[in-house]
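Residue-level listing of the chains:
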Amino acid sequence: MTKSILKSASSLGVMIMLAPMASAFAAEPAPAGDDAVTSGEIVVTARRRAESLQDIPLSVTAFDSAALETAGVNSFRDIAHLMPGVQFTERGSLSAQLTIRGVGGDSRNIGIEAGVGMYLDGVYVPRTSGYNADLAEISQIEVLRGPQGTLFGKNTIGGVINIVTKEPTDTVEGTVYASYGNYDAMRTQASISGPLAENLFAKLTVATFDRDGYIHNLYDDSYVNDENRRGARLQLVFEPTDALKLKLNGDVTRDRRTVLQTQMNSSAGAAAPYFTGNRFEANTDRPNDDKRDMWGTDLTAEYTLANDMVLTSISAYRKINVTVSSDIDQLPINMFNSDPLTDFVQMASQELRITSPGTGPLRYVGGLYYYHQRGKMLREIYIGGSLTSGAFNEGKAITNSYAAYLNVDYDVTPELTLTGGLRYTHEKKTGAYLQIRGPVLSYDFDDLHRKDENVSWTASATYKPSDALTLYATASKGFKSGGFNLDTIGAANLVGNDLVFGPESVVNYEAGIKGNLFDRLLRYSASVFRMDYSDKQVAQFVATGASTTPSVQITNAGKARIEGVEFEASLSPVEGLNLSANATYLDAKYTRFDYSTIGSTVSVSYAGNRIEFTPDWMLGGQAEYRFPVGAGEAFLVGSINYMGDMYLQAEALPKYHEDGYALVDVRLGYDVGGLTVALWGKNLTKKDYRTYARVFGGLDQAVWGEPRTYGIEVRYKF
């Protein structure tokens, strides 16, 4: 590690002493699985079997249902800031971005893959546009950092968000939840679970979210950035024998909302007469609609052999349709607008997995995986209200991916375990692209193609001198395939190969310590890591002399180096009081970034710039206190989460710099029997902070985070 990292590591302890105790903590789900996992341990299934979190050579954070309820989590957007090293931003369904330790990015373009994998009950969610859905009846969420290709079906370069829902129960149980808050926000959830017949169990969960807009549009006296979402999930479990278990899931989500993908950020250019400096005001003359429809189904079959080996088959299909209309200039004059932007994506996958018993010195997980994705997009960009002056774009991309993976643990001694894993990926993409945009900017490429083959790996050593202490060292390599630029293009004289970009890769080196003290009243983990990033794929606004406005392009930016330190701890000093803390320090910089505008001789190097959307510090703290009152229990939960300063574009200009900020959340409530009533507030200090910034058509534009929200909630379990 460099001196800067060592210096930061030494100051980390001081900052933790000063910071409030954190909200991102390892939760304690009920013990399950192998006999080796004893009561009181933090149990995770990240490596495809129930294991003690302390025993695995990975940086993992876990949240169980109780922890999610304590933190007031209802959507992925709620939980993202609780995860050490995790950044999630969203400016509409097409432009969501998720990174872990600075690795990841968005997948707005159907020709690019997501850098962080999200799994729902073992099924890969194909696009970042499908990430921010309601989280109802969740059993556990696990965050795995670093490449994970030797454990999961789809290759993941930056890490995995693994979401496990609660299964149907063998007795009738249910939950009803309602929350009401400012901006007329109303959220409801309900579930019912129980047996349908002998060995057949079912669960139905429904959820709604409605909220008025909080940004006043001066143009027509309306309010935008509202919410209108409906979702449902049906689960069936059939256990015809002790050895065979079948699980069938189906879910659907319908979103209808207005979203400002950007707002005026200064009086530059044509915004001069309209800029008010008030983030809660807009002046937009065109529609800003965001429509999203998602549904999926999956069937999991688990068969346990006589020797306790488990064979698993997961068959899945998922579809995500997004249609967006946006006033690109966000002004009351008709300069630029899009109507519509669409991404229609469907995927099918099949995974076959074998998992050895959790006992014995040799343990392994291996699998075969097939993934098929078919996407198509439409982009209609109007300039001055004219499509003729603007751009008409159509594109499609088809991906077929085949993989085989194996992850093996071997206990050399009772204290020392070696782990190795390999993954082979063969991925083929084909596509087509049509743009009609004047004589020099019109293209018709009907035979885009590329093929990637890769072997990724992991190697770890875990040393456990006692039940209360674990040391580990890990090295791993991750890979993300190349793809196509299938968005509006502002460059002239291109050929088909100019739309193709190559794969990216990361090599991760990590060493860590995990432990507990005072009969597990204090739990802690710390790690130091370095990631070498090659051929990083970056979406940029590329300007050329042939175009009046810049266009989005994806390029292999070059190389980057990310070094950092992470720390997590939870403490229960007295009965009823739980404290937790986390901290992440990232030193993330481009080491080679020879930016070159396509079709122009202008070239600027970004080497030495900090990687965009990567704060230097992320700190968090949470305190929860519960005490008896009458027949029930009162509770108070307070949390503070600090996001350090960062740049919102790779250019690292002052206008893209966002200072650090802290968000304060509070919940105060009462539990009695199965009834919980709570008052809650988020971003109580009304902190204004930007999550995105850019310059487009001479306009400074930005997106701000959620405002202060507060309300009351009621939950009843029976």
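Residues numbered from 1 in each chain as written. Predicted model: local features only at pLDDT ≥ 70, side-chain atom pairs only at ≥ 80, totals over all residues. Heavy atoms only, no water.

Asker: Help me out: how do you make sense of the side chain of Asn288 in this one?
Answerer: Locating Asn288 in the fold gives a position in the loop between strand E19 (281-282) and strand E20 (289-304). Classification of Asn288 as buried rests on a relative accessible area of 6%. A distance of 3.1 Å separates a polar side-chain atom of Asn288 from the backbone nitrogen of Asp327. Filtering out sequence-adjacent residues up to four positions away, Asn288 remains in contact with Arg257, Thr258, Val259, Leu260, Ser325, Ser326, Asp327 and Gln330. (Helix = DSSP H or I, 4+ residues; strand = E, 2+ residues; numbered from the N terminus. Buried < 20%, exposed > 50% of the residue type's maximum accessible area, 1.4 Å probe, protein only. Polar contact = N/O pair within 3.5 Å; in protein donor to acceptor, adjacent residues only side chain to side chain. Contact = heavy atoms within 4.5 Å.)

Asker: Help me understand the sheet that holds E19, please; the structure alone is not making it clear to me.
Answerer: Two pairing modes exist for strands in a sheet, parallel and antiparallel, and in both the strands are linked by backbone hydrogen bonds. Read from one edge to the other, the open sheet built from 3 strands follows the order E15-E14-E19, with strand pairing classed as mixed. Looking at strand neighbours, the two that pair on one side only are strand E15 (222-224) and E19, the edges of this open sheet. Pairing of strand E14 (residues 215-217) with E15 involves 3 bridges; the strand directions are antiparallel. Within E15, the residue paired with His216 across the bridge is Tyr223. (Pairing = 2+ DSSP bridges.)

Asker: Honestly, the pairing of strand E17 (residues 244-258) in this entry has me stumped. Any pointers?
Answerer: Moving residue by residue along a regular strand, the side chains alternate between the two faces of the sheet. Sheet analysis places strand E16 (residues 227-238) next to E17, joined by 10 bridges and oriented antiparallel. Residue pairing in the sheet places Gln235 in a bridge with Asn249 of E17. Hairpin connection of E16 to E17: 5 residues between the antiparallel strands. Taken together, the 15 bridges between E17 and E20 define a ladder with antiparallel strand orientation. In the sheet register, Thr258 faces E20, and the bridge partner there is Asp289.

Asker: Where do I start with the environment of Gly698 in this structure?
Answerer: Among the structural elements, Gly698 can be located in the loop between strand E44 (690-696) and strand E45 (699-704). Taking the C-alpha atoms as reference points, Gly698 and Ala268, separated by 430 residues in sequence, lie 6.9 Å from one another. When neighbours within four sequence positions are excluded, Gly698 is seen to be in contact with Ala268 and Gly269.

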